[in-house]
Amino acid sequence: MTVLRGLREALVLIVVTAALAALCVGVWVAVSGGGFVHRFGIALVVVALLLAITGDLTLSRIGMLDARTTFGLAPEREDAGGGRVLTGIGIFLFVSVPLLVVGVLLAG
């Protein structure tokens, strides 16, 4: 069951990021004109790379470390994912890589 939840989470992340990228590209095309498909491919590649870098909660944990130590709190646990099933590696493999492949195919 965890596998299905992880794949469902990856599908939701792909759909949401693709929809947001399409919205941004739609605004980009409306403002400056030009083709949608090529720019959508570029946007998917950019989003995939950003998700590959920031898909895990590591960056947010590093940002909160000073605030937590100021109040005498222990660092956050590694397994505190907030109900998420996919780890950083899962987000990379099941979300970033498919978005990157589709983006390269559309942009190329």
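Residues numbered from 1 in each chain as written. Predicted model: local features only at pLDDT ≥ 70, side-chain atom pairs only at ≥ 80, totals over all residues. Heavy atoms only, no water.

Trainee: Hey, could you go over the nonpolar core for me, with residue numbers and the actual values?
Mentor: A21, V25, F40, L44, L86, V95 and L99 are the most contacted members of the largest nonpolar core, which totals 13 residues. At the level of elements, helix 1 (2-32), helix 2 (36-54) and helix 4 (88-107) are the ones that each hand at least two residues to this core. The element best represented in this core is helix 2, accounting for five residues. When sequence neighbours within four positions are dropped, the list of residues in contact with V25 reads F36, R39, F40 and A43. (Core = buried A, V, L, I, M, F, W, Y, C linked by side-chain atoms within 4.5 Å. Buried < 20%, exposed > 50% of the residue type's maximum accessible area, 1.4 Å probe, protein only. Helix = DSSP H or I, 4+ residues; strand = E, 2+ residues; numbered from the N terminus. Contact = heavy atoms within 4.5 Å.)

Trainee: Please provide a residue-by-residue account of helix 4, values included.
Mentor: Of all the bends found along helix 4, the most pronounced is centred on S96 and spans about 35°, while P98, a proline, follows it within four residues. Turning to helix 4, its buried residues are G90, I91, V95, S96, L99 and G103. Buried residues belonging to helix 4 abut helix 1 and helix 2. (Bend = angle between axes of the 7 residues up to and from the residue.)

Trainee: Any chance you could break down the packing of helix 2 against helix 4 for me, citing the residues and the numbers?
Mentor: One way to put it is that helix 2 packs onto helix 4 with a least axis distance of 7 Å and a crossing angle of 155°. The angle between helix 2 and helix 4 places the two elements in the roughly antiparallel class. Note on packing geometry: the crossing formed by helix 2 with helix 4 is left-handed. Between helix 2, through V37, H38, F40, G41, I42, L44, V45, V47, A48, L49, L51 and A52, and helix 4, the contact on the second element is made entirely by I91, F92, V95, S96, L99, L100, V102, G103, V104, L106 and A107. A breakdown of the residues in the contact of helix 2 with helix 4 according to their chemical character gives 19 nonpolar, four polar and no charged. (Axes fitted to C-alpha atoms, helices over the stretch in contact; angles between N-to-C directions. Parallel < 35°, antiparallel > 145°, perpendicular 65-115°, else oblique. Left-handed = near helix turned anticlockwise from the far one by under 90°. Nonpolar A, V, L, I, M, F, W, Y, C, P; charged D, E, K, R; others polar.)

Take it as geometry only, folks, not as evidence of what the structure does.
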